Amino acid sequence: MDSRYVQQFKKGSLEMVLLCLIAKGETYGYEIITALNRQGGEVLGYAREGTVYPILYRLQEAGLIQSRLAPSGANGGTRKYYSVTPQGRETLAALIAFWRDYAACVEGFIDGHEQEEHL
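Residues numbered from 1 in each chain as written. Predicted model: local features only at pLDDT ≥ 70, side-chain atom pairs only at ≥ 80, totals over all residues. Heavy atoms only, no water.

**So, the pattern of salt bridges**
For step 1, the next point in the chain: Per the stated rule, a full pass over the model turns up two salt bridges.
For step 2, the next point in the chain: The residue Arg 68 makes a salt bridge to Glu 26 at a minimum N-O spacing of 2.8 Å. Within this pair, whereas Arg 68 is found in strand β2 (residues 65–71), its partner Glu 26 is found in the loop between α1 (3–23) and β1 (27–28), the two being separated by 42 residues in sequence.
For step 3, the next point in the chain: Its relative accessible area of 40% is what places Arg 68 among the partly exposed residues. (Salt bridge = Lys/Arg side-chain N within 4 Å of Asp/Glu carboxyl O. Helix = DSSP H or I, 4+ residues; strand = E, 2+ residues; numbered from the N terminus. Buried < 20%, exposed > 50% of the residue type's maximum accessible area, 1.4 Å probe, protein only.)

**What about the confidence of the model for the chain?**
For step 1, the next point in the chain: Of the residues in the chain, 97% reach a pLDDT of 70 or more, and the chain-wide mean stands at 90.
For step 2, the next point in the chain: Confidence, expressed as mean pLDDT per element, reaches its minimum in the chain at α1 with 87 and its maximum at β1 with 96. (pLDDT = per-residue confidence, 0-100.)

**Brief notes about the packing of aromatic side chains**
A ring pair, where both rings are aromatic, is described by two values, the distance of the centres and the angle of the planes.
For step 1, the next point in the chain: In total, this model carries four aromatic pairs according to the counting rule given.
For step 2, the next point in the chain: Both rings, one in Tyr 53 and one in Tyr 57, keep their centres 6.4 Å apart while their planes meet at 35°; by these two values the pair is tilted. With a gap of four residues between them, Tyr 53 and Tyr 57 both fall in helix α3 (residues 49–61), about one helical turn apart.
For step 3, the next point in the chain: A relative accessible area of 46% places Tyr 57 in the partly exposed class. (Phe/Tyr/Trp six-rings, centres within 6.5 Å; stacked < 30°, edge-to-face > 60°.)

**Some thoughts on the environment of Ala 23**
For step 1, the next point in the chain: Checked against the element boundaries, Ala 23 lands in helix α1.
For step 2, the next point in the chain: Non-local contacts of Ala 23, meaning those with residues more than four positions away in its chain, are made with Val 84, Arg 89 and Leu 92. (Contact = heavy atoms within 4.5 Å.)

Okay, structure coming up:
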């Protein structure tokens, strides 16, 4: 299969997936990447900082998430924690509703194709 088609599917859903992870509770970048890879790495591909952080910046710029700096216990530095804003929760709810409709629509086309293949 041509990987550019797969990349388009992934790219279109990753912002929603990150919002879902952050909506579970305040979290930081490494924790987000770890959860993303653990839960979806085999299907979505294993995420790296260069993929996740630009999306986090876009989500923050759009007002969907916010961040705060807090001391990091491990090395004495600081860590940036992300949380979903009220606008982000509304957007996430709308994205989830759209995704469910979208997936059902696509499944209808797939089911129709598979039924015709078996005739």
